[in-house]
Amino acid sequence: MTQIALSTAWLAFLLGMAWYVAVLDGLWTAARERRLPRAPLANPIYRCAAVLRQQSNLTETPDLLNWRLAPALYAALAGSGVAIVPFSSASVLADLEVGIVWWGAVEALTVVVVFLHGWSANAQFGLIGAYRYVAIGLPVMLISMFMLIAAALPAESLALPQIVESQRGLWNVIRQPLGLPLFLLLGLSLSFRGPFNYADSADIAGGTAAEVSGAPRLVWEFARLAMLTAVAAMAASVFLGGYLGPWLPGPAWLVLKTATLLLVLVCLTEQLARISPSRMMTLIWTTLLPLSFLHLVWAGVLAL
């Protein structure tokens, strides 16, 4: 595929999966409220129109440049994460030898951008959400990197195409069964959904997005959906063989696996209760992080 075709496929994949998650969220909301969904496929369009009709809000003496820039940077990070995911053995937009390291940078910079979004508004609730997110996001990022490094060991490479090809005989989700569920926690954390919604939660009036409206709000909401898509695509490639599969073309398998993981993530968003930040910190540092480190050690022993 040419770079133009790859870029088009990348954009279509990102927009299509974001729309798919928005539809799933709408269906879950209707089910929770015990009502029939009305035009669920068009619900994201109605939401976009409603948000765009709002006037862009301003707080007192915000850091306006960073406040407006943060949503775009968040969306760009999500797009760069999807860019390293291979659509087939010869089709990847950004074919990097250090794809895992690149993804680690995406995770780290996401923490920075979300904090910037809450801090630059110069508002109380936004700052609370920003500090909450940093406290939870940093240790969850460590869990993610342990899982990715463990998955890269059988391939003896940090490049995503090589990691996918190493799963032709056996998917990593079978070799390393803890890897996928622990990595999916990252998806909830990076997009602050469900039990990991400490940045933009209702108990702090929307957190980092409390003062955001209009076009910046639309970009921010899209970025959250895009980041969830990036995590699902990454998980599908690293743990479920990515484009590998019988009968169907490689890109179709990647789309199906990503869509399935997105469905799982949306279900987890709705079904898992959120605990207090202090209890979540205790759970991460005393249980999830040691478990992920032992998983990495075990994967290293098996690779030897």
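That block above? That's the structure.
A positive phi is found at Thr 61, a non-glycine position, where the angle reads about 45°. Within the fold, Thr 61 resides in the loop between helix H2 (43-52) and helix H3 (64-83).

Below, the discussion takes up the side chain of Glu 107. Structurally, the position occupied by Glu 107 is in helix H4 (residues 99-120). One buried charged residue, Glu 107, forms no salt bridge at all, with the nearest opposite charge on Arg 193 at 16 Å. Those residues within four positions of Glu 107 in sequence are excluded, and the remaining contacts are Met 141, Ser 144, Met 145, Leu 148, Phe 183, Leu 186 and Leu 190.

Here we take up the pattern of salt bridges. Counted under the stated rule, the structure contains seven salt bridges. Arg 132 is the salt-bridge partner of Asp 203, the closest N and O atoms lying 2.8 Å from each other. Taken together, the residues Asp 203 in the loop between helix H8 (179-190) and helix H9 (214-239) and Arg 132 in helix H5 (residues 124-152) connect sequence positions 71 residues apart. Each of Arg 47, Arg 217 and Glu 221 takes part in one network of salt bridges that share partners.

Inspection of every chain in the model, using the stated rule, returns eight aromatic pairs. Seen in terms of ring centroids, Phe 183 and Phe 239 are 5.7 Å apart; in terms of plane orientation they differ by 50°. Their pairing is tilted. Here the residue Phe 183 occupies a position in helix H8, and Phe 239 occupies one in helix H9, the gap between them amounting to 56 residues. An aromatic cluster is present here, built from Tyr 74, Tyr 133, Phe 192 and Trp 220 joined pairwise through their rings. Above the ring of Trp 67, the side-chain terminus of Arg 68 is found at 4.9 Å from the ring centroid.

As a further point, take the packing of H4 against H5. At a minimum axis distance of 8 Å, the contact between H4 and H5 shows a crossing angle of 170°. Classed by the angle they form, the pair H4 and H5 counts as roughly antiparallel. For the pair H4 and H5, the contacting residues are Ile 100, Trp 103, Gly 104, Glu 107, Ala 108, Thr 110, Val 111, Val 114, Phe 115, Gly 118 and Trp 119 in the first and Gly 126, Leu 127, Ala 130, Tyr 131, Tyr 133, Val 134, Gly 137, Leu 138, Met 141, Ser 144, Met 145 and Leu 148 in the second.

So, about the environment of Tyr 133. For Tyr 133, the position within the fold is in helix H5. For Tyr 133, a relative accessible area of 2% translates into the label buried. In this structure, the C-alpha to C-alpha distance between Tyr 133 and Val 112, residues 21 residues apart in sequence, is 9.7 Å.

Packing of helix H1 (residues 3-32) against H3 leaves a shortest axis separation of 10 Å and a crossing angle of 120°. Looking at the two axes, H1 sits oblique to H3. Crossing of H1 against H3: the hand is right-handed. Residues Trp 10, Phe 13 and Leu 14 of H1 touch H3, and the partners they reach there are Gly 79, Val 82 and Ala 83.

Quick look at H5 now. Residues separated by three or four positions in an α-helix point in the same direction, a consequence of the helix having 3.6 residues per turn. Between its first and last C-alpha, H5 extends 42 Å over 29 residues, near the 42 Å set by a 1.5 Å rise per residue. The axis of H5 is deflected most strongly, by about 25°, at Gly 137, and proline Pro 139 appears within four residues downstream.

Rules used in this analysis
- Residues numbered from 1 in each chain as written.
- Predicted model: local features only at pLDDT ≥ 70, side-chain atom pairs only at ≥ 80, totals over all residues.
- Heavy atoms only, no water.
- Helix = DSSP H or I, 4+ residues; strand = E, 2+ residues; numbered from the N terminus.
- Buried < 20%, exposed > 50% of the residue type's maximum accessible area, 1.4 Å probe, protein only.
- Lys, Arg positive; Asp, Glu negative; His and termini not counted.
- Salt bridge = Lys/Arg side-chain N within 4 Å of Asp/Glu carboxyl O.
- Contact = heavy atoms within 4.5 Å.
- Phe/Tyr/Trp six-rings, centres within 6.5 Å; stacked < 30°, edge-to-face > 60°.
- Lys NZ or Arg CZ within 6 Å of the ring centre and 35° of its normal.
- Axes fitted to C-alpha atoms, helices over the stretch in contact; angles between N-to-C directions.
- Parallel < 35°, antiparallel > 145°, perpendicular 65-115°, else oblique.
- Left-handed = near helix turned anticlockwise from the far one by under 90°.
- Expected span 1.5 Å × (residues − 1).
- Bend = angle between axes of the 7 residues up to and from the residue.

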